[in-house]
Amino acid sequence: MEAQNQNQMKQAAAMYAVDTYVQDGMVVGLGTGSTAEFAVKRLAEHFNGGNLKNIRCVATSDQIAAMGRLFNLPVHDSNEFVQVDVTIDGADEIEPKSFTLLKGQGGALLREKLVAAVTRMEVIIADESKLVQQIGQNFPIPVEVTPFAWSQTSLRLQTLGASPLLRPSKNNPEKPFITDGNNFVLDCRFANLSDPERMANLIKSVIGVVEHGLFINMAHRVIIGSHDAVYEVTR
Ligand code: A5P
């Protein structure tokens, strides 16, 4: 898929999501990643143009908080709210029948899940390359772990059938990638991921695991930008 086209699809999905699901006065979750960034830009257009001037935003990463502020959006501490009205976020894989998601290639999975967990309408936007038959088809499952004794946590994950790899830093591959929560990420390929919900629960029960990138029953809407149209996936 050509990058230019792919970006157009992401942008079209993002614009549709903002224009359809965000109303003035709402608390809005800002997702993380290249697709969600298009939604931040669209929100900022409306906010700075006088529509949606009473929205308040919470961010799912330091990076997107900085971008939101750069575009003049009111980014608040998430502790100020018990509920978020709508969050617009991306995903790495989407299983269309169940709306199960794989997230976290950008490393923001913990805050993305914390915000999704209090969101009334979680809207996932993507280009059509993100639709998969089975979760885990294209990417490993990112598992955020405490740096202390991470190699022992890795061994525990191996007993579940995972082949964990410590994610390296983008800037210095000799060093581990550090999340916004100061944790490490183990990218876990599984030989068998036919039951993502069961695996999600098993991974979550491992000592040392903070969170993982399987999002089960968290997405309410999935919006896809394709070559010729934007459409909502129906379950
Ligand atoms: C960030 O940690 C991820 O969960 C992103 O939401 C996901 O990687 C999608 O990113 P892109 O929109 O850049 O593909």
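Here is a short report on the structure shown in this document.

**As for the site of the ligand**
In the vicinity of the ligand lie 16 residues, with Ser 34, Thr 35, Asp 92, Glu 112 and Lys 130 positioned nearest. Separating an oxygen atom of the ligand from a side-chain N or O atom of Asp 92 is a distance of 2.5 Å. In this structure, an oxygen atom belonging to the ligand sits 2.9 Å away from a main-chain N or O atom of Ala 108. Contact with the protein chains removes 91% of the 380 Å² of surface that the ligand exposes when unbound. Of the residues in the shell around the ligand, the class split is 2 nonpolar, 9 polar and 5 charged.

**Focus: the sheet that holds strand S4 (residues 84-89)**
Reading across from one edge, S3-S2-S1-S4-S7-S13-S14 is the order of the 7 strands in this open sheet, with mixed pairing throughout. Lying at the two open borders of the sheet, with one neighbouring strand each, are strand S3 (75-76) and strand S14 (230-232). Two elements, strand S1 (residues 27-30) and strand S2 (residues 56-59), share 4 bridges in a ladder whose sense is parallel. In the sheet register, Val 27 faces S2, and the bridge partner there is Arg 56. Packed on one face of the sheet, helix H2 (residues 34-49) meets S1, S4 and strand S7 (119-127) and runs near 115° to S7.

**Considerations on the sheet that holds strand S6 (residues 100-102)**
Spatial ordering of the open sheet is given by S5-S6-S12, a layout of 3 strands whose pairing is antiparallel. With partners counted over all chains shown, the strands left at the sheet margins are strand S5 (93-95) and strand S12 (214-215), one partner each.

**Considering the side chain of Glu 93**
With respect to the helices and strands, Glu 93 occurs in strand S5. Of the side chains bearing the opposite charge, Arg 189 lies closest to the buried Glu 93, which forms no salt bridge; the N-O distance is 6.4 Å. Among the polar contacts listed, one links the side chain of Glu 93 to the backbone nitrogen of Gly 136, at a separation of 2.5 Å. Here Phe 139 takes part through its backbone nitrogen, which lies 2.9 Å from a polar atom of the side chain of Glu 93. Residues within four places of Glu 93 in sequence aside, it is in contact with Thr 100, Leu 101, Leu 102, Lys 130, Val 132, Gln 134, Ile 135, Gly 136, Gln 137, Asn 138 and Phe 139.

**Comments concerning the pattern of salt bridges**
Any two side chains of opposite charge can pair if their charged atoms end up close together. Tallied over the full model, the rule gives 11 salt bridges. Note that Arg 42 is salt-bridged to Asp 19, the shortest N-O span being 2.7 Å. Placement of Arg 42 in helix H2 and of Asp 19 in helix H1 (residues 3-21) is noted, with a sequence separation of 23 residues between them. As a salt-bridge pair, Glu 45 and Arg 42 come within 3.0 Å of each other at their nearest N and O atoms. Here Glu 45 pairs with Arg 42, and both are found in helix H2, just 3 residues apart, close to one helical turn. Exposure remark for Arg 42: the relative accessible area of 15% places this residue in the buried category. The network of salt bridges with shared partners includes Asp 19, Arg 42 and Glu 45.

Rules and cut-offs
Residues numbered from 1 in each chain as written. Predicted model: local features only at pLDDT ≥ 70, side-chain atom pairs only at ≥ 80, totals over all residues. Heavy atoms only, no water. Near = heavy atom within 4 Å. Polar contact = N/O pair within 3.5 Å; in protein donor to acceptor, adjacent residues only side chain to side chain. Areas by Shrake-Rupley, 256 points an atom, 1.4 Å probe, with all protein chains shown as cover. Nonpolar A, V, L, I, M, F, W, Y, C, P; charged D, E, K, R; others polar. Pairing = 2+ DSSP bridges. Helix = DSSP H or I, 4+ residues; strand = E, 2+ residues; numbered from the N terminus. Contact = heavy atoms within 4.5 Å. Axes fitted to C-alpha atoms, helices over the stretch in contact; angles between N-to-C directions. Buried < 20%, exposed > 50% of the residue type's maximum accessible area, 1.4 Å probe, protein only. Lys, Arg positive; Asp, Glu negative; His and termini not counted. Salt bridge = Lys/Arg side-chain N within 4 Å of Asp/Glu carboxyl O.

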